[in-house]
Amino acid sequence: MSIAVYPGSFDPVTLGHYDIIQRTSKVMDRVIIGVLNNQAKKPLFSVEERVEMLKNVTADLPNVEVQCFDGLTIEFARRNHAQVVIRGLRAVTDFEYELQLAQTNRVIAPEIDTMFLTTSLKYSYLSSSIVKEIASWGGEISEFLHPYVEERVLQKYSEMKKVRR
Ligand code: ADP
């Protein structure tokens, strides 16, 4: 059985992430999305919220599941008996960091390979941080997110405004 893990922050999951998940689900038997519980990144959404949003948007993909993890991606992959770690590549700016990560991981865990999917052209500019930046200024974000996630982002910023008042 071919098993892939797709690790990331997913703060929140964008249509760019979804595109990678959907394409991976077509070529692998199982796809396990790993939501990194990394407080150092000061996420907008808690890990539970990020997992819940991902479960909602991937509900139509039967071979995809969502888990949270902390620590090394490679350990997460091993625990799940995955042969492959999936990463998405948008632009050359992603490349250097991703190459370093993949090569280091290969030294630590030679039995697990990293596979890159290049972004679909229409999402090549898209990142969770850009979406948050736009949303924080009240801009339109429906082009970038699943409607359920859009709703959650708008809700989050309106809650934050209330707290600040
Ligand atoms: P991380 O903090 O690990 O970079 P992200 O949630 O930002 O977590 O991204 C997870 C993975 O998804 C990374 O491999 C990233 O390159 C990829 N990714 C993010 N946005 C896109 C996109 N628009 N198209 C393709 N891949 C993407």
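Reading the values: the criteria
- Residues numbered from 1 in each chain as written.
- Predicted model: local features only at pLDDT ≥ 70, side-chain atom pairs only at ≥ 80, totals over all residues.
- Heavy atoms only, no water.
- Near = heavy atom within 4 Å.
- Polar contact = N/O pair within 3.5 Å; in protein donor to acceptor, adjacent residues only side chain to side chain.
- Helix = DSSP H or I, 4+ residues; strand = E, 2+ residues; numbered from the N terminus.
- Nonpolar A, V, L, I, M, F, W, Y, C, P; charged D, E, K, R; others polar.
- Phe/Tyr/Trp six-rings, centres within 6.5 Å; stacked < 30°, edge-to-face > 60°.
- Buried < 20%, exposed > 50% of the residue type's maximum accessible area, 1.4 Å probe, protein only.
- Salt bridge = Lys/Arg side-chain N within 4 Å of Asp/Glu carboxyl O.
- Contact = heavy atoms within 4.5 Å.

(A) Fine view of the site of the ligand. Lining the immediate environment of the ligand, one finds 17 residues, of which Tyr6, Ser9, Phe10, Lys41 and Gly88 sit closest. At 3.1 Å, a side-chain N or O of Thr119 approaches a nitrogen atom of the ligand. Secondary-structure elements contributing two or more residues to the shell around the ligand are strand E1 (3–8), helix H1 (15–27), strand E4 (84–89) and helix H4 (92–108). Classifying every residue of the shell around the ligand by side-chain character gives 6 nonpolar, 6 polar and 5 charged.

(B) Region of the structure containing the packing of aromatic side chains. Scanning all chains against the criterion turns up 3 aromatic pairs. Where Tyr6 meets Phe10, the ring centres are 5.2 Å apart and the plane angle is 75°; that geometry is what we call edge-to-face. Taken as a pair, Tyr6 and Phe10 share a single burial class, namely buried. Ring plane angle 75° and centroid distance 6.1 Å describe the contact between Tyr125 and Phe144, whose orientation is recorded as edge-to-face. One end of the pair, Tyr125, is in the loop between strand E5 (113–118) and helix H5 (128–136); the other, Phe144, is in the loop between H5 and helix H6 (147–164), with 19 residues separating them in the sequence. When its relative accessible area of 45% is taken as the criterion, Tyr125 is described as partly exposed. Judged by its relative accessible area of 12%, Phe144 is buried.

(C) Quick peek at the pattern of salt bridges. Summed over the entire model, instances satisfying the criterion amount to 11 salt bridges. The residue Glu49 makes a salt bridge to Lys156 at a minimum N-O spacing of 3.2 Å. Taken together, the residues Glu49 in helix H2 (residues 47–57) and Lys156 in helix H6 connect sequence positions 107 residues apart. Assessed through its relative accessible area of 13%, Lys156 is described here as buried. Arg152 is the partner of Glu52 in a salt bridge, and the nearest nitrogen-oxygen pair spans 2.6 Å. You can see Glu52 sitting in helix H2 and its partner Arg152 sitting in helix H6, a full 100 residues away along the chain. The class for Arg152 is buried, based on a relative accessible area of 16%.

(D) The arrangement of the side chain of His17 in detail. As for its placement among the helices and strands, His17 is situated in helix H1. When its relative accessible area of 17% is taken as the criterion, His17 is described as buried. Only 3.0 Å separates the side chain of His17 from the backbone nitrogen of Thr14, close enough to count as a polar contact. The residues touching His17, leaving out its near neighbours within four places in the chain, are Tyr6, Phe10, Pro12 and Ser128.

(E) Summary view of the environment of Glu65. Along the chain, Glu65 turns up in strand E3 (residues 64–69). Here the alpha-carbon distance between Glu65 and Ile112, two residues 47 residues apart in the chain, equals 19 Å. Excluding residues that lie within four positions of it along the chain, Glu65 makes contacts with Arg30, Val31, Ile32 and Ile33.

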